[in-house]
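Coordinate analysis (summary)
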Amino acid sequence: MKKIEHIGIAVKNLEVSNNLYSKLFGELPYKTEAVEDEHVNTSFFKVGDNKIELLEATSKDSVIARFIDKNGEGIHHIAFDVEDIEAEIIRLKNEGFRIINEVPKRGADNKLVAFLHPKSTNGVLIELCQEIK
């Protein structure tokens, strides 16, 4: 793992939250994107070398909708940048971590992604991200 790629925050209303975080960071999101497979709309803010991703559910059946129903708005996941996502999945599986996506899938911001189950990471949902080249 090379670095923290971004922190994902689940929000009820992306427009309202974009306004809030724009005031907080002093700038607008640099990107908004729908990830239809995941039933979410996203926006990204750059804060120094770090990124914040806001996630809004587009369906009551989405993972984000269920997360908000259970926990309310807040930090949903921490994403780490990896050089080779497939090798990292194998390495982490061999280390005993529970892998949610054994085959990487397309995520937001031109990334391949896979998640580790929070039951194997002290309650934190971990996302692995690799730039699509």
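First things first, this report covers the structure right here in the doc. Predicted model only: the values in this text are computed from it and were never measured.

1. Some details on the sheet that holds strand β7 (residues 111–116)
- One open sheet holds the eight strands; their spatial order is β2-β3-β4-β1-β5-β8-β7-β6, and the pairing between them is mixed. Taken across any chain shown, the strands that pair with only one partner, and hence form the sheet edges, are β2 (31–35) and β6 (105–107). Shown here is a sheet whose adjacent strand axes are inclined to one another by a mean of 35 degrees, direction ignored.
- When β2 meets strand β3 (residues 40–47), the two strands line up antiparallel, connected through five bridges. Within the sheet, the bridge partner assigned to Ala34 lies in β3 and is Asn41.
- Set on the sheet, helix α1 (residues 14–25) makes contact with β1 (3–11), β2, β3 and β4 (50–57); between it and β3 the angle comes to about 5 degrees.
- Here helix α2 (residues 63–71) sits on the sheet in contact with β1, β3, β4 and β5 (74–81), set at roughly 135 degrees to β5.

2. Comments concerning the pattern of salt bridges
- One pass over the structure, following the stated rule, counts 13 salt bridges.
- The partner of Lys2 in a salt bridge is Asp81, and the shortest N-O contact between them spans 3.3 Å. Pair noted here: Lys2 is in the segment before β1 and Asp81 is in strand β5, with a separation of 79 residues, a long-range link.
- Judged by relative accessible area, which is 11%, Asp81 ranks as buried.

3. Some thoughts on the pairing of β5
- One ladder, built from seven bridges, connects β1 with β5; its direction is antiparallel. When the bridges of β5 are listed, Ile4 appears paired with Phe80.
- Note that β5 and strand β8 (residues 126–131) share four bridges and pair parallel. Each bridged residue has a counterpart across the sheet, and for Ala79 the counterpart in β8 is Glu127.

4. With respect to the packing of aromatic side chains
- All told, the structure shown has four aromatic pairs when counted by the stated rule.
- Note on Tyr21 and Phe25: the rings are 5.7 Å apart at their centroids and 45 degrees apart in plane angle, and the pair reads as tilted. On the criterion of helical spacing, the pair formed by Tyr21 and Phe25 is a turn pair, its members being four residues apart in helix α1.
- Of the residues examined, Tyr21 reaches a relative accessible area of 17% and is grouped as buried.

5. Quick word on the side chain of Gln130
- Structurally, Gln130 is set in strand β8.
- Only 2.6 Å separates the side chain of Gln130 from the backbone nitrogen of Ile85, close enough to count as a polar contact.
- Aside from chain neighbours lying at most four places away, what touches Gln130 is Val82, Glu83, Asp84, Ile85, Asn110, Lys111 and Leu112.

6. Focus: the layout of surface pockets
- Of the pockets and cavities examined, the largest pocket occupies roughly 730 Å³.
- Looking at the largest pocket, it is lined by 36 residues, and the ones nearest its centre are Val63, Ile64, His76, Phe115 and Leu125.
- At the level of elements, β1, β3, β4, α2, β5, β6, β7 and β8 are the ones that each hand at least two residues to the lining of the largest pocket.
- Looking at which element gives the most residues to the lining of the largest pocket, the answer is α2, with six residues.
- Within the lining of the largest pocket, the residues separate by chemical class into 16 nonpolar, nine polar and eleven charged.

Analysis parameters
- Residues numbered from 1 in each chain as written.
- Predicted model: local features only at pLDDT ≥ 70, side-chain atom pairs only at ≥ 80, totals over all residues.
- Heavy atoms only, no water.
- Pairing = 2+ DSSP bridges.
- Helix = DSSP H or I, 4+ residues; strand = E, 2+ residues; numbered from the N terminus.
- Axes fitted to C-alpha atoms, helices over the stretch in contact; angles between N-to-C directions.
- Contact = heavy atoms within 4.5 Å.
- Salt bridge = Lys/Arg side-chain N within 4 Å of Asp/Glu carboxyl O.
- Buried < 20%, exposed > 50% of the residue type's maximum accessible area, 1.4 Å probe, protein only.
- Phe/Tyr/Trp six-rings, centres within 6.5 Å; stacked < 30°, edge-to-face > 60°.
- Polar contact = N/O pair within 3.5 Å; in protein donor to acceptor, adjacent residues only side chain to side chain.
- 1 Å grid on protein atoms, 1.4 Å probe; cavity = no way out; pocket = protein on both sides within 12 Å on 5 of 7 lines; lining within 4 Å.
- Points joined across faces, edges and corners; volume = space filled by probe spheres on them.
- Nonpolar A, V, L, I, M, F, W, Y, C, P; charged D, E, K, R; others polar.

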